[in-house]
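# Residue-level structural notes
The lines below spell out each chain.
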Amino acid sequence: MKKLLIFLALFLSVFSPFTAQSQSIKLIKTFGNYNGETVLSVDISPDGKKILSGHDIPPDKGSYLDKGHIKLWDISNSNEIFTFTGHSRQVKSVAFSPDGLTAASASIDGTIRVWDVTTGNEVKVLRKVQAKYSLAFTVDYSPSGKELLVGTAEESTLKLLNVNSGDVIKNFNNEWNIKKAVFSNNGKYALSIQKYDSPMLWDINSGKLIKTFTRQKGLLAYLFKSSGAWICGDLSPQAKYVAAGSSDGVIRIWGVESEKELWSIDAHNEGVNDIVFSPDGNLVLSTGNDGKVNLWDTHSGKMISQINLGTNHDYGEALKFSPDGSSFIVGTMRGIIMQFAVQN
């Protein structure tokens, strides 16, 4: 009997995702309160001292339109520093500049805006979307801080803008249903996530599509694998891996060089809202409408740890690792930001 118990313990320690490693995540602090201002986007400043959050504010009484604003937080004491006002609708994406002095935002009010982080003032409306549906979805600074990668509802929805003038430097020929776009760390590539098209990798200099990451093919894959719409994605810091999450709760990892799917898993019982790599690329963090926040091993696809926000009738909308990878933040549907330590 004793040998059997030892065997079972060893078996569970190897194969169960809920091992002692599930204790490796610890809540440090929270920012804000349960005010219903859903946190749709988050970023952490390059020095790791501040948080930027983009919000969806419920409509006023008698109105059917939601509103939006941005908040700047001090990580050391959880206090709000500024509220950036100017967007009239929900803020889908926020990003710090590489020097941490300015920030950019994209809103479904159809504008890309730049902000002074030191004062909380708007610097400029960098771009107004000129299209039938005036929507802006995603924004990311180049490593030099001189360009912005933006995704909008315009024709050639992925664009590279001059951060000072707002002039279009380059158009990328992708479809209109863009969800997210990010630079590689070296600034040579951009990953775009489209709702109905496969994740795509673009060459920044030429503007050409160089790689496409498709779902596993074959009869069994067709019968048993998912085909949900793409919601989110990320490019690992060394541009070795691509991650994407879909509306059916599945996440997938591809090798960039091979363009082959390395693994996929039913990560969430409902849609995946965000997925990000750790700074060293060894971990993947995902969150979904099922209230779970899951930490995965990039290489094996094994779950390392899990947080259940559903116990508070909440779920994660946006994720970001700290620059040193020692912690991460979760922006939630009910309006708070939670910071967790990642303990080895």
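Presented here is an overview of the structure given in this document. Predicted, not measured: the structure shown is a model, and the values here were computed from it.

Position of Lys 170 among the secondary structure elements: in strand β13 (residues 168–172). No salt bridge forms around the buried Lys 170; measuring N to O, its nearest opposite-charge neighbour Asp 203 is 7.6 Å away. At 3.3 Å, the side chain of Lys 170 and the backbone oxygen of Asn 205 are in polar contact. Not counting residues within four places of it along the chain, the set of residues in contact with Lys 170 comprises Leu 158, Lys 159, Leu 160, Ile 204, Asn 205, Ser 206 and Gly 207.

Next up on the list: the sheet that holds strand β10 (residues 136–141). In space, the four strands of this open sheet follow the order β10-β11-β12-β13, with antiparallel pairing throughout. Two strands lie at the open edges of the sheet, namely β10 and β13, each paired on one side alone. Strand-to-strand, the axes of this sheet are offset by a mean angle of 20°, without reference to chain direction. Here five bridges tie strand β11 (residues 147–152) to strand β12 (residues 158–162), and the two strands are oriented antiparallel to one another. Paired with Leu 149 across the bridge in β12 is Leu 160.

Two strands pair when backbone bridges link them, and strand β8 (residues 111–116) and strand β9 (residues 122–128) are joined in this way by five bridges, in the antiparallel orientation. Bridge pairing in β9 links Trp 115 to Glu 122. Between β8 and β9, which pair antiparallel one after the other, the connecting turn spans five residues, and Gly 120 there sits at a positive phi close to 85°.

Here we take up the pairing of strand β28 (residues 337–342). Most of β28 is tucked away: six of the six residues are buried. Burial of the side chains of β28 extends over both faces: Ile 337, Gln 339 and Ala 341 are buried on one face and Met 338, Phe 340 and Val 342 on the other. Of the strand pairs in this sheet, strand β1 (residues 25–31) and β28 are connected by six bridges, and their pairing is antiparallel. Each bridged residue has a counterpart across the sheet, and for Phe 31 the counterpart in β28 is Ile 337. Here strand β27 (residues 327–332) runs beside β28; their pairing, made up of five bridges, is antiparallel. Paired with Phe 328 across the two strands is Phe 340, which belongs to β28. Turn length for the β27-β28 hairpin, with the two strands adjacent in sequence and antiparallel, is four residues, and the turn residue Gly 335 shows positive phi of about 110°.

Cut-offs applied
- Residues numbered from 1 in each chain as written.
- Predicted model: local features only at pLDDT ≥ 70, side-chain atom pairs only at ≥ 80, totals over all residues.
- Heavy atoms only, no water.
- Helix = DSSP H or I, 4+ residues; strand = E, 2+ residues; numbered from the N terminus.
- Buried < 20%, exposed > 50% of the residue type's maximum accessible area, 1.4 Å probe, protein only.
- Lys, Arg positive; Asp, Glu negative; His and termini not counted.
- Salt bridge = Lys/Arg side-chain N within 4 Å of Asp/Glu carboxyl O.
- Polar contact = N/O pair within 3.5 Å; in protein donor to acceptor, adjacent residues only side chain to side chain.
- Contact = heavy atoms within 4.5 Å.
- Pairing = 2+ DSSP bridges.
- Axes fitted to C-alpha atoms, helices over the stretch in contact; angles between N-to-C directions.

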